[in-house]
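# Chain and residue survey
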Amino acid sequence: MASWKFIAVSTVCLLVFLSGNISGLDNGLVLTPPMGWLAWERFRCNTDCKNDPENCISDRLFRTMTDILVTEGYTAAGYEYINVDDCWLERERDERGRLVPDRERFPYGMKSLADYVHSKGLKFGIYEDYGNFTCAGYPGVVGHLSGDATTFASWGVDYVKLDGCYALPTDMDYGYPEFGRQLNLTGRQMVYSCSWPVYQIYAGLQPNFSSIIEHCNLWRNFDDIQDSWASVESIIDYYGNHQDVIVPNAGPGHWNDPDMLIVGNFGLSYEQSKTQFALWAILAAPLLMSVDLRTIRPEYKAILQNRKIIEVDQDPLGIQGRRIYKHRGIEIWSRPILPIQQGQFYSYAVAFVNRRTDGTPSDVAVTLRELGLSNPTGYRVEDLYEDVDYGVLSPQTKIKVKVNPSGVVILRADAQPGYAFNAITTRTPYTPLNDVFRLTKK
Ligand code: GLA
């Protein structure tokens, strides 16, 4: 009897031990949002290498982008992942049920491509789909979860985007964690990007975000980005309108993914491009560029390599920002960042967005205190696109910015150290940020 008990207890311990090791996505990866290049928005499912060898989804495209990431300063700015999206596969698995990369477009196979990416100091991402097919109709992983995870690990994959076409959204609560478990079982650490919530939301289901956070490193909540300002605006609105549900789910190792950066393509003006980049940083979004790095114009490259804004995106606290004001086409978005002074006064990145179309810049004037910035020893404020340093400002100071139509002004306000002898330190009549972020004393 005693020995049975022992066996039972040990089995439970073993299971707990095993599941402690393999469940959840406590994989130590992407403690700040991932940064890299992803093919889809710009290069789509172009498989015509005969007529369009430069732009088709092929080994050559990804090697070229890898090279440019390194030689053109993107890697130095923090971009790290080279990610393949849909349309890399043959239509059929091989006779042993394994995934096969398109033989003409990826003639050396994915291990060779991953090795190349690694040889340049970068990481390699791949795309699959939980359902029967990928969105473009190539074989999905269902029925092959373990084998495909093993295949990816054997190729040296560092990041898997798992889409959700041709799958039942109700199956996803089981399927996404299970594929993540299979990834973990390979022993290779792979970032796990999920589309689980967006397909459930489309199906009218309520995603179980606590499970999603536990099992995915990042996930999509909303529509695919397209090459237009209207598309970017719809994403901004979705994230603003649903922020109470969305924002608390973000944190180190688990991020909301509002989709790729389209800066440098055809659809956004210069102002709009600056707005997308600034707001993605406020949203603590993955910075996955989908653009032709061979032909991008210098001013767009400069946006993508803006170190000060990247630093906001990559802030170690990992608190996603929120829309704190919206009135007559003017929005203010704000994100708490380091440093924190006296255990309670956060620093902030603040973005003023002009959604108006009336052709002339709009003035926005607001005191720091009205923004909820009440550190009595003030904030050092600087503009992150323009070379403007406002110096150290007290909470009473009114700052005035001019925001271009469909443009942005993004500031960083660093809480200054020091001791407040006149205790106006605590409650202020208007502290919107303290309310919306529910900041707690550290
Ligand atoms: C879905 C995804 C996109 C892209 C395509 C590929 O639409 O949301 O990001 O991966 O599939 O077919």
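Structure's up top.
Quick caveat: nothing in here was measured; it's all calculated off a predicted structure.

Right, let's get into the state of the cysteines. Taken as a whole and judged by the stated rule, the model has 4 disulfides. A disulfide bridge connects Cys 49 with Cys 56, and the sulfur atoms are separated by 2.0 Å. Classification of the bridge connecting Cys 49 and Cys 56 rests on its S-S torsion, roughly 100°, and on that basis the disulfide is right-handed. Look at Cys 49 and you get partly exposed, because its relative accessible area is 25%. There is a disulfide in this structure between Cys 194 and Cys 216, and the S-S distance comes to 2.1 Å. One disulfide, between Cys 194 and Cys 216, carries an S-S torsion of -90° and so falls in the left-handed class.

Within the open sheet, the 8 strands sit side by side as β7-β6-β5-β4-β3-β2-β1-β8. Their pairing is parallel. Unpaired on one side and paired on the other, β7 (255-257) and β8 (287-289) mark the two borders of the sheet. Going from strand to strand, the sheet's axes swing by 25° on average, the running direction of each strand aside. Of the strand pairs in this sheet, strand β5 (residues 191-194) and strand β6 (residues 218-220) are connected by 2 bridges, and their pairing is parallel. Within the sheet, the bridge partner assigned to Cys 194 lies in β6 and is Trp 219.

The next subject is the site of the ligand. Taken together, Trp 40, Asp 85, Asp 86, Tyr 127, Cys 135, Ala 136, Lys 161, Asp 163, Arg 220 and Asp 224 make up the full set of residues near the ligand. A distance of 2.6 Å separates an oxygen atom of the ligand from a polar side-chain atom of Asp 85. Asp 224 has a polar side-chain atom sitting 2.6 Å from an oxygen atom of the ligand. Considering the ligand on its own, with 300 Å² of exposed area, one finds that the protein chains cover 91% of that surface. Its residues assigned to classes, the shell around the ligand comprises 4 nonpolar, no polar and 6 charged.

With that settled, consider the sheet that holds strand β10 (residues 330-341). With antiparallel pairing, the 6 strands of this open sheet are ordered in space as β9-β10-β11-β16-β13-β14. Edge positions in the sheet fall to β9 (322-327) and β14 (389-393), since each has one partner strand and no second. On average, adjacent strands in this sheet sit at an angle of 20° to one another, irrespective of strand direction. Sheet topology note: the β10/strand β11 (residues 345-354) ladder contains 9 bridges and is antiparallel. Paired with Trp 333 across the strands is Ala 351, a residue of β11. Lying over the sheet, helix α10 (residues 229-241) contacts β9 and β10, oriented at roughly 65° with respect to β10. Of the strands in this sheet, β9, β10, β11 and β16 (408-415) touch helix α12 (residues 270-282), which is tilted by about 150° from β11.

Procedures and definitions
Here the residue index of a chain counts from 1 through its sequence in written order. Under the rules for a predicted model, residues below a pLDDT of 70 receive no local features and side-chain atom pairs below 80 are neither given nor counted, while totals for whole chains, interfaces and linings still include all residues. As a rule here, side-chain values come from all non-hydrogen atoms in the structure, and water together with hydrogens is ignored. Cysteine sulfur atoms are paired as a disulfide whenever they come within 2.5 Å of each other. Buried, partly exposed and exposed residues are distinguished by accessible area as a fraction of the type maximum, computed with a 1.4 Å probe on protein chains only: under 20%, between the cut-offs, and over 50%, respectively. Criterion used throughout: strands pair if DSSP finds at least two bridges between them. Secondary structure elements follow DSSP: runs of H or I no shorter than four residues count as helices, runs of E no shorter than two count as strands, and numbering proceeds from the N terminus. Axis definition: a line fitted to C-alpha atoms, limited for helices to the stretch in contact. Angles are taken between N-to-C directions and run from 0 to 180 degrees. Any residue with a heavy atom positioned within 4 Å of a molecule or strand is treated as near that molecule or strand. Contacts described as polar in this section are N or O atom pairs within 3.5 Å, which, within protein, must combine one atom able to donate a hydrogen with one able to accept it, while residues neighboring in sequence count only if both atoms come from side chains. To be clear on the numbers: accessible area is Shrake-Rupley with a 1.4 Å probe, and residue cover counts the displayed protein chains and nothing else. Side-chain classes are defined by residue name, with Ala, Val, Leu, Ile, Met, Phe, Trp, Tyr, Cys and Pro counting as nonpolar, Asp, Glu, Lys and Arg as charged, and the others, Gly among them, as polar. Should any heavy atoms of two residues lie within 4.5 Å, those residues are considered in contact.

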